[in-house]
Amino acid sequence: MSAPVIYMDSAASTPLDPEVLDAMLPWLTNTASAGNPSSIHSVGRAARAAVDTARELVADLLGADFSEVTFTSGGTEADNLAIFGACAVESRNRRSIAASAIEHHAVLNAIHLLQERGWSVATAHPDKTGHIPPSAWESVVNSETALVTCMHGNNELGTIQDVAAAAAAAKAVEATFHVDAVQSLPWLEVNVRLLQCDTCAISGHKIYGPKGVGALYIKQGCTVAPQLVGGSQEREKRAGTENVAAIVGFGAAARLLKTRRLDDARRVSILRARLIESMTNTISGLQLHGEDPLLPNIVNFAVQGVEGPTLLMNLDREGICASSGAACSSGSIEPSHVLRALGFTNTEAAAGVRLSLGRGTTVEEIDRTATAITRIVERVRQR
Ligand SMILES: Cc1ncc(COP(=O)(O)O)c(C=O)c1O
């Protein structure tokens with residue numbers, strides 16, 4: 001019998017928590033599943049109440065008000081809504097966006113589209129440790145800046161960004177300030193008042209909720225133009241019949257996260273330290289990417305003389321799921337834009353491998369992973 005799969009890719013997605021599934025099931029079965037929250041009859045009203053309960057739970061997790069949470073189809077849509085929505089209502093004739101070079105593509109590609117429409121983009125570059133220094137924000141934000149966007153936790157390296165520095169630069173010129181908290185939410189307190197943001201994107205499937213659901217926090221008084229028009233759902237910020245079951249699941253995942261996040265983060269950071277220690281002791285030419293402060297679950301590394309895709313393929317053969325920041329497009333490996341931004345060459349940036357631990361990761365899985373990597377590296381080097 002083959003050994004069970006070891007899932008070391010929680011930054012890509014997490015499994016549905018059984019409690020979340022239990023909360024969702026009634027909304028996927030029987031008459032309740034027919035409920036459209038816009039319908040005025042009893043089945044519709046029940047669906048509306050379920051969506052509102054989930055909204056309360058998500059708002060509570062973020063330290064936001066109920067009316068400040070807009071449900072979306074995920075983190076990507078939340079980022080798009082924040083960026084396109086803020087730029088669409090810019091009334092001061094400002095035409096510049098400031099963003100870090102290491103944002104997720106959900107942010108970067110939205111900005112690129114705006115660039116094609118005549119907006120200019122000022123990029124804040126990270127230092128070698130994977131952090132955007134406060135001075136970088138000061139130098140790219142000015143009186144032309146309409147929007148500043150900064151991620152909280154980086155999805156490839158796990159580096160925790162100095163959001164306060166970006167917020168201060170944005171506030172100084174009265175620019176809208178967006179935070180992508182998709183990766184930090186599972187591990188860190190994400191309190192929108194403390195982050196001092198106008199908008200904040202989060203996603204369900206990174207916190208053991210379902211895929212295809214997320215939310216955008218929109219601060220009271222901050223206007224964001226809807227990017228989906230139609231009915232008046234989500235207070236006219238996002239048209240379309242709500243995915244009730246997914247939203248209920250997201251709410252359940254938010255409630256669960258609040259009770260266990262601190263313990264999960266403590267436990268996982270001990271496991272990550274064990275993994276790093278073991279790899280450091282047994283693998284020569286190991287290079288770790290990104291320095292503290294880091295999310296507790298991500299290890300990004302390269303091994304001298306071993307290509308990232310080779311390592312990943314061999315790990316997969318041994319039942320270990322990991323990932324790389326490099327994207328595969330039209331048959332070729334695109335080096336990670338994050339590692340490129342840190343100053344690595346294309347070849348070095350294509351060598352990065354990301355292991356991301358999750359709530360369910362065990363000591364045995366850590367040890368098996370470290371042993372497997374060591375064995376694969378030795379084998380590849382002998383060829
Ligand atoms: C930092 C960050 N932002 C946005 C997203 C997009 O979220 P979703 O997969 O829910 O669209 C991701 C997904 O990996 C992410 O890591």
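Residues numbered from 1 in each chain as written. Predicted model: local features only at pLDDT ≥ 70, side-chain atom pairs only at ≥ 80, totals over all residues.

Draft legend 1. A look at helix 6 (residues 163-172). Those residues of helix 6 lying buried are Val163, Ala166, Ala167, Ala169 and Ala170. Down the axis of helix 6, the smallest arc covering the buried residues is 165°, so these residues share one side. Structurally, helix 6 contributes buried residues whose contacts are with helix 5 (134-140), strand 5 (145-151), strand 6 (176-180) and helix 7 (192-195). Just past helix 6, the residue Glu174 takes up positive phi, approximately 55°. (Buried ≥ 20, exposed ≤ 12 C-beta atoms within 10 Å, placed from the backbone. Helix = DSSP H or I, 4+ residues; strand = E, 2+ residues; numbered from the N terminus. Arc of directions from axis to C-beta. Contact = placed C-beta atoms within 7 Å.)

Draft legend 2. How the structure looks around the sheet that holds strand 10 (residues 298-303). With respect to topology, 3 strands assemble into an open sheet ordered 9-10-14, the strand pairing being antiparallel. Looking at the sheet topology across the chains shown, the edges are occupied by strand 9 (286-289) and strand 14 (353-356). Taken over all neighbouring pairs, the strand axes of this sheet differ in orientation by 35° on average, direction set aside. Pairing of strand 10 with strand 14 involves 4 bridges; the strand directions are antiparallel. Its bridge partner lying in strand 14, Phe301 is registered against Val353. (Pairing = 2+ DSSP bridges. Axes fitted to C-alpha atoms, helices over the stretch in contact; angles between N-to-C directions.)

Draft legend 3. Geometry of the site of the ligand. Close to the ligand lie 14 residues; Gly74, Gly75, Thr76, Asn155 and Ser203 are nearest. If you tally residues by element for the shell around the ligand, the top one is helix 3 (residues 75-88), at 3 residues. Taken together, the residues of the shell around the ligand sort by class into 3 nonpolar, 9 polar and 2 charged. (Near = placed C-beta within 6 Å. Nonpolar A, V, L, I, M, F, W, Y, C, P; charged D, E, K, R; others polar.)

Draft legend 4. Expanded view of the pairing of strand 2 (residues 69-72). Across the two faces of strand 2 the burial is the same, with Val69 and Phe71 and Thr70 and Thr72 all buried. Across 4 bridges, strand 2 lies against strand 8 (residues 214-218) in antiparallel orientation. Looking across to strand 8, one finds that Thr70 is bridged to Leu216.

Keep in mind these values describe shape, not function.
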